[in-house]
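# Architecture at a glance
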Amino acid sequence: MAHLVCVETTALGVQSIAYAKRLGHEVSLLRSPLYDFITPPAERARAQELADRTIHSADLQDVGELLRLLDGHGVRPGDVDAVLSTLSLCVLPAARLAERLGARGTPYAAVAAARDKGRCREILRDTGVPSLGFAVVSSLPEALEAAGALGYPVVIKPVSGVGKAVTSIVGDADGTRAHFEDAAEELRSMEPGLAGELDERYIVEELAVGELYSVEVAADGERFTPLVAVGRKTGRDNPVLELGCTVPPALPAGEEAQLGAYAVEVCRALGLDLGVFHVEVMRTERGFRLVEANPRISGGSLPDSVRMATGRNIFEILVDLFLGAPVPEGPLPWRRAASHTFLAAARDTVVPEELPADWFEEFRPRLHSGWSRAEPGARLREMKGNFDVFGMIRVVGADAGAADAECAAVRRDIEKRLGFPLTAVAGQPADAAPARDGR
Ligand SMILES: Nc1ncnc2c1ncn2[C@@H]1O[C@H](COP(=O)(O)OP(=O)(O)OP(=O)(O)O)[C@@H](O)[C@H]1O
Ligand SMILES: [Mg+2]
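Rules used throughout
- Residues numbered from 1 in each chain as written.
- Chains lettered and ligands numbered in written order.
- Predicted model: local features only at pLDDT ≥ 70, side-chain atom pairs only at ≥ 80, totals over all residues.
- Heavy atoms only, no water.
- 1 Å grid on protein atoms, 1.4 Å probe; cavity = no way out; pocket = protein on both sides within 12 Å on 5 of 7 lines; lining within 4 Å.
- Points joined across faces, edges and corners; volume = space filled by probe spheres on them.
- Helix = DSSP H or I, 4+ residues; strand = E, 2+ residues; numbered from the N terminus.
- Buried < 20%, exposed > 50% of the residue type's maximum accessible area, 1.4 Å probe, protein only.
- Arc of directions from axis to C-beta.
- Contact = heavy atoms within 4.5 Å.
- Polar contact = N/O pair within 3.5 Å; in protein donor to acceptor, adjacent residues only side chain to side chain.
- Domains from an automatic or database assignment.
- Pairing = 2+ DSSP bridges.
- Axes fitted to C-alpha atoms, helices over the stretch in contact; angles between N-to-C directions.
- Expected span 1.5 Å × (residues − 1).
- Nonpolar A, V, L, I, M, F, W, Y, C, P; charged D, E, K, R; others polar.
- Near = heavy atom within 4 Å.
- Areas by Shrake-Rupley, 256 points an atom, 1.4 Å probe, with all protein chains shown as cover.
- Donors = N, O, S within 2.8 Å, 3.2 Å for Na, K, Ca; no water.
- Phe/Tyr/Trp six-rings, centres within 6.5 Å; stacked < 30°, edge-to-face > 60°.

What the rule picks out here adds up to 2 cavities of 30 Å³ or more. If you add up the space inside the largest cavity, you get close to 120 Å³. Along the wall of the largest cavity there are 17 residues; nearest its centre are Ser85, Val91, Thr106, Pro295 and Phe322. Put simply, the parts of the chain that give the lining of the largest cavity at least two residues each are strand S4 (82-84), helix H4 (91-101), strand S12 (274-284) and helix H12 (314-322).

Let us now look at helix H3 (residues 63-72). Burial in H3 covers these residues: Val63, Leu66, Leu67 and Leu70. Around the axis of H3, the buried residues are gathered within 100° of arc, so they sit on the same side. In H3, those exposed residues whose orientation departs by more than 90 degrees from the buried face are Arg68 and Gly72. Buried residues along H3 sit against strand S2 (26-31), strand S3 (53-56) and H4. At the N-terminal end of H3, a side-chain oxygen is found 3.3 Å from the backbone nitrogen of glycine 64, two or three residues along, and the residue is aspartate 62. Positive phi shows up at glycine 74, right after H3, with a value of about 80°.

What follows deals with the domain arrangement of the protein. Examined at the domain level, the protein breaks down into domain 1 (3-105), domain 2 (107-128 + 208-335), domain 3 (133-206) and domain 4 (337-439). Taking only C-alpha atoms into account, the centre of domain 3 sits 30 Å from that of domain 4.

Now for the side chain of serine 305. Relative to the assigned elements, serine 305 resides in helix H11 (residues 302-310). If we skip the residues at most four places from it in the chain, serine 305 touches Val247, Ala338, His340 and Arg394.

This next bit is on the sheet that holds strand S7 (residues 168-170). Reading across the sheet, the 4 strands line up as S5-S8-S6-S7 and stay open at both edges, with antiparallel pairing between neighbours. Where the open sheet ends on each side, the last strands, each with one partner, are strand S5 (134-137) and S7. The mean inter-strand angle of the sheet, taken between neighbouring strand axes irrespective of direction, is 25°. Across 4 bridges, S5 lies against strand S8 (residues 202-206) in antiparallel orientation. Bridge pairing in S8 places alanine 135 opposite valine 204. Running at roughly 145° to S5, helix H6 (residues 117-127) makes contact with S5, strand S6 (154-158) and S8 of the sheet.

Further remarks concern the pairing of strand S11 (residues 242-247). Counting buried positions over the 6 residues of S11 gives 6, a clear majority of the element. Here strand S10 (residues 224-234) pairs with S11 via 4 bridges, running antiparallel. Counted as the bridge partner of glycine 231 is threonine 246 from S11. Across 4 bridges, S11 lies against strand S14 (residues 337-343) in antiparallel orientation.

So, about helix H10 (residues 253-270). With 18 residues, H10 should cover 26 Å at 1.5 Å per step; its first-to-last C-alpha distance of 26 Å lies within 8% of that length. When we look at burial in H10, the residues that qualify are Leu259, Gly260, Tyr262, Ala263, Val264, Val266, Cys267 and Leu270. Buried residues in H10 make contact with helix H5 (108-115), H6, strand S9 (211-220), S10, S12 and strand S13 (287-294). Phi turns positive, to about 85°, at glycine 271, one or two residues after H10.

All right, on to the layout of surface pockets then. In this structure, the second largest pocket encloses a volume near 160 Å³. Gln61, Leu92, Ala112, Arg115, Asp116, Ser160, Gly196, Glu197, Asp199 and Arg201 are the residues that line the second largest pocket. Residues belonging to the lining of the second largest pocket are distributed by class as follows: 2 nonpolar, 3 polar and 5 charged. Residues from two domains meet in the lining of the second largest pocket; each of domain 2 (107-128 + 208-335) and domain 3 (133-206) gives at least three.

This part takes up the site of ligand 1. Around ligand 1 sit 21 residues, and of these Lys117, Lys157, Lys164, Ala208 and Glu292 come closest. Backbone polar atom of glycine 161 to an oxygen atom of ligand 1: 3.2 Å apart, as the coordinates give it. With respect to ligand 1, the side chain of glutamate 280 contributes an N or O atom lying 2.9 Å from an oxygen atom. Protein contact buries 97% of the 610 Å² of open area that ligand 1 shows by itself. For the shell around ligand 1, the elements supplying multiple residues, two or more each, are S6, S8, S12 and S13. Its residues assigned to classes, the shell around ligand 1 shows 10 nonpolar, 3 polar and 8 charged. When residues of the shell around ligand 1 are assigned to domains, at least three map to each of domain 2 (107-128 + 208-335) and domain 3 (133-206).

Here we come to the side chain of serine 301. Its place among the elements puts serine 301 in the loop between S13 and H11. Among residues more than four places away in sequence, those in contact with serine 301 are Leu12, His340, Phe342, Met392 and Arg394.

This part is about the environment of serine 160. Position of serine 160 relative to the elements: it lies in the loop between S6 and S7. Note on serine 160: relative accessible area 11%, which makes it buried. In the structure, serine 160 is positioned 150 residues away from threonine 10 in sequence and 19 Å away in space, judged by C-alpha atoms. With residues near it in sequence (within four places) discarded, serine 160 still touches Arg115, Glu197 and Leu198. A distance of 2.7 Å separates a polar atom in the side chain of serine 160 from the backbone oxygen of glutamate 197.

The coordination sphere of the magnesium ion (ligand 2) contains the protein donors Glu280 (OE) and Glu292 (OE), at a distance range of 2.0 to 2.1 Å. Taken as a pair, glutamate 280 in strand S12 and glutamate 292 in strand S13 lie far apart in primary sequence, 12 residues in all.

Turning our eyes to something else, we now look at the packing of aromatic side chains. Considering all chains together, one arrives at 5 aromatic pairs under this definition. Where tryptophan 359 meets phenylalanine 360, the ring centres are 5.5 Å apart and the plane angle is 90°; that geometry is what we call edge-to-face. Its relative accessible area of 1% is what places tryptophan 359 among the buried residues. A relative accessible area of 5% means that phenylalanine 360 is categorised as buried. Centroid distance tryptophan 359 to phenylalanine 363: 6.3 Å. Interplanar angle 75°. Geometry classified as edge-to-face. Summarising the burial analysis for this pair, tryptophan 359 and phenylalanine 363 share the class buried. Members of the aromatic cluster, each reached through a chain of ring pairs, are Trp359, Phe360 and Phe363.

Structure (structure tokens):
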């Protein structure tokens, strides 16, 4: 029996705890209310129920404190086999804790390099991995200078951002100014658990134009494999917004292999050699270019779509790797396609009071799975990032094209039923019927 420490969990990440328990391992869960805004109460409760012990801390970033708390529960260095986190905001302390406990974990230096988007690009540049032009800045004048040197359009995002926080695509100097003005406002209303990650540094980088993909790269300490590649849906009006994915990606086999090889090259350069990593890549005219290397497994709904398509649970693979198993053969073969789309409001709105409370159930027969928390009368915020999503729909089909098309059709019908515009997906035909609010 092994002892696994999980530093927080995402909603789907609870599957890794459940799997470790099914195998008969001991699981200690470290939690903080700072991240309650990410993981819904039911999943949090489930994680705690499954774990052998849950240790609460006000600050999971303070690894000295985590060591003291574990010690207080009789868990000492040498007792723990592995430390992992499925939550972006906790991968750094998980890696540090693993090192301090002498347990298996993703190397701290590699996690730190990947979490720092500037450092990540420097490493790619220095190791000759194709990347994008960039500069790290701390003020508006520096950003204006950097963007001028790179040439507009550029992307401006926090060096250690997640969930699309304070991220803009800007086309000119006025856009750069607007980014910094809006940033002040966004930072004020941000969840403390997220705001705590950010400092004054932004990365200004070349805009990669093309289609977005992601690859889950698995590594066992020596060998790397691209486990699964996925096509990503992005916002029609704001390409920064992520609106879902399709497994497998609609790419010719040769290009899928190139994409996988590129994502592996990125992880190898960064030293991300133990775990499953979520690497986001744009297919541009010049070839594949990194958008972001996340030093943790995919969040959101993607792991379940991978399971629908391949029959494999990537959280189980994650636990196996942390407990010493070799990487499985990749890419995982797929049996059918799965496509999911997030539901979010295109602007601030209120769900019509006259809708029946169970309106979402009308769509259930056309879905493989899905959820909505848009109850009649609920206020919805315009989608600015991942945390503004109010629902998800998932469809399975014989291939990516069929699953994608049906998912888009259900989304259009939901939009008509709700009577307000949903955040539009790039490349999908717009709804012909005017939205009920007349705008
Ligand atoms: N250089 C770029 N070129 C083109 N698009 C980009 C670039 N950088 C970021 N984007 C777009 O902005 C989105 C957010 O960027 P990024 O993934 O770096 O931020 P994030 O906040 O860490 O996202 P998350 O944590 O949700 O994965 C990307 O998914 C991509 O659509
Ligand atoms: Mg990202």
